[in-house]
Amino acid sequence: EDRALIPDFILHFPNNRDVIVDSKMSFTAYERYINSEDGAEQTIALKEHLRSVRAQVERLAKKDYSRYLQAGYNKLNFVIMYIHTEGALNLALLNDTSLWREAYDMGVLILGPQTMYMNLRILELMWTQVRQLHNQEDMMRAANQIIERTQDFAARFTDVETKMQATVKSINDLKITTGDSGRSIITAARTLLKAGARENKKKRSITEPSNDELFLDSDTSEILSEQPHNELNVDVQ
């Protein structure tokens, strides 16, 4: 009828499911029933109360609340009809035993304060389980990231170690060519000095022994110690 439908509550269930709660219930007949001391008046008020409850069930069964839900949410296939006065609910259910079942078949779930509380507790437990599941998934993703980054670090460390060893080997090879003895450029230059060549006095003299130490492994050091100083043949491994 192009009139606005305003739910009293919307319960958000996991997996983008919503449940509409409507509590627009008339208690006029119920109030006449409990306030009257005349049996005939109570009987009339009771019948009106039952008609009022059934009329509300039919109205809710025909309403389409789905267009008022959030984008991406789907309503469940029932609407909660909340009767906030437990006495009014019990009076209707005790005097119309088929009411609750027929309302349920029409997609209307009649709840009072006690059953509504139980429903909200179940909803809370469902959300708690969903949050715990999400936390476990986040922890597993974080653990997988740590493992992956550890693997990357190990691979990069191995690469750096290999390059460092190659650099040390190159430095050792270079130092051998500048040693104080053996077949190095220093010994060849000293031979030229003995033949009459002269040094630049402003620079370090090549006749002075070098204090530089070689970065050699044990095998290379042993080879050096066995070679005569005037004939040094080094095979760096």
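Refer to the structure printed above.
Below, the structure is looked at part by part.

Thresholds applied
- Residues numbered from 1 in each chain as written.
- Predicted model: local features only at pLDDT ≥ 70, side-chain atom pairs only at ≥ 80, totals over all residues.
- Heavy atoms only, no water.
- Helix = DSSP H or I, 4+ residues; strand = E, 2+ residues; numbered from the N terminus.
- Buried < 20%, exposed > 50% of the residue type's maximum accessible area, 1.4 Å probe, protein only.
- Contact = heavy atoms within 4.5 Å.
- Areas by Shrake-Rupley, 256 points an atom, 1.4 Å probe, with all protein chains shown as cover.
- Salt bridge = Lys/Arg side-chain N within 4 Å of Asp/Glu carboxyl O.
- Axes fitted to C-alpha atoms, helices over the stretch in contact; angles between N-to-C directions.
- Parallel < 35°, antiparallel > 145°, perpendicular 65-115°, else oblique.
- Nonpolar A, V, L, I, M, F, W, Y, C, P; charged D, E, K, R; others polar.
- Polar contact = N/O pair within 3.5 Å; in protein donor to acceptor, adjacent residues only side chain to side chain.

**A short note on the overall build of the chain**
Reasoning step 1: The helix and strand inventory of the chain stands at seven helices and four strands.
Reasoning step 2: Along the chain, helices (α) and strands (β) appear in the sequence β-β-α-α-β-α-α-β-α-α-α when read from the amino end.
Reasoning step 3: A total of 237 residues make up the chain; the buried ones form 25% of that total.
Reasoning step 4: For the chain, long-range pairs separated by at least 24 residues make up 64% of all intrachain contacts whose partners lie at least 6 apart in sequence.
Reasoning step 5: When the accessible surface of the chain is summed, it comes to about 17100 Å², and 53% of that surface belongs to carbon and sulfur atoms.

**So, the pattern of salt bridges**
Reasoning step 1: Applying the stated rule across the entire model yields nine salt bridges.
Reasoning step 2: Its salt-bridge partner being Arg-32, residue Glu-48 comes within 1.8 Å of it at the nearest N-O pair. A residue pair is termed long-range when its members are at least 10 positions apart, and Glu-48 in helix H2 (residues 39–62) and Arg-32 in helix H1 (residues 28–35) qualify at 16 residues.
Reasoning step 3: Judged by relative accessible area, Glu-48 falls into the partly exposed class, the value being 26%.
Reasoning step 4: For Arg-32, a relative accessible area of 39% puts it in the partly exposed group.
Reasoning step 5: With a shortest N-O distance of 3.6 Å, Asp-105 and Arg-101 are connected by a salt bridge. Of the two residues, Asp-105 and Arg-101 are both situated in helix H4 (residues 99–105); the distance of four residues between them amounts to about one turn of the helix.
Reasoning step 6: Overlapping salt bridges bring together Asp-8, Asp-22 and Lys-24 as one network.

**A word on the packing of H2 against helix H3 (residues 86–95)**
Reasoning step 1: Running from amino to carboxyl end, H2 crosses H3 at an angle of 95°, the nearest separation of the two axes being 10 Å. With respect to their mutual orientation, H2 and H3 come out roughly perpendicular. Every residue of H3 that contacts H2 at Leu-46, His-49, Leu-50 and Val-53 is listed here: Ala-88, Leu-91, Ala-92 and Asn-95.
Reasoning step 2: Tallied by class, residues from the contact of H2 with H3 come to six nonpolar, two polar and no charged.

**Focus on the side chain of Ser-36**
Reasoning step 1: Looking at where Ser-36 falls in the secondary structure, it is placed in the loop between H1 and H2.
Reasoning step 2: Using a relative accessible area of 12% as the deciding quantity, one classes Ser-36 as buried.
Reasoning step 3: A distance of 3.2 Å separates a polar side-chain atom of Ser-36 from the backbone nitrogen of Asp-38.
Reasoning step 4: Ignoring anything within four residues of it in the chain, the contact list for Ser-36 reads Glu-41 and Gln-42.

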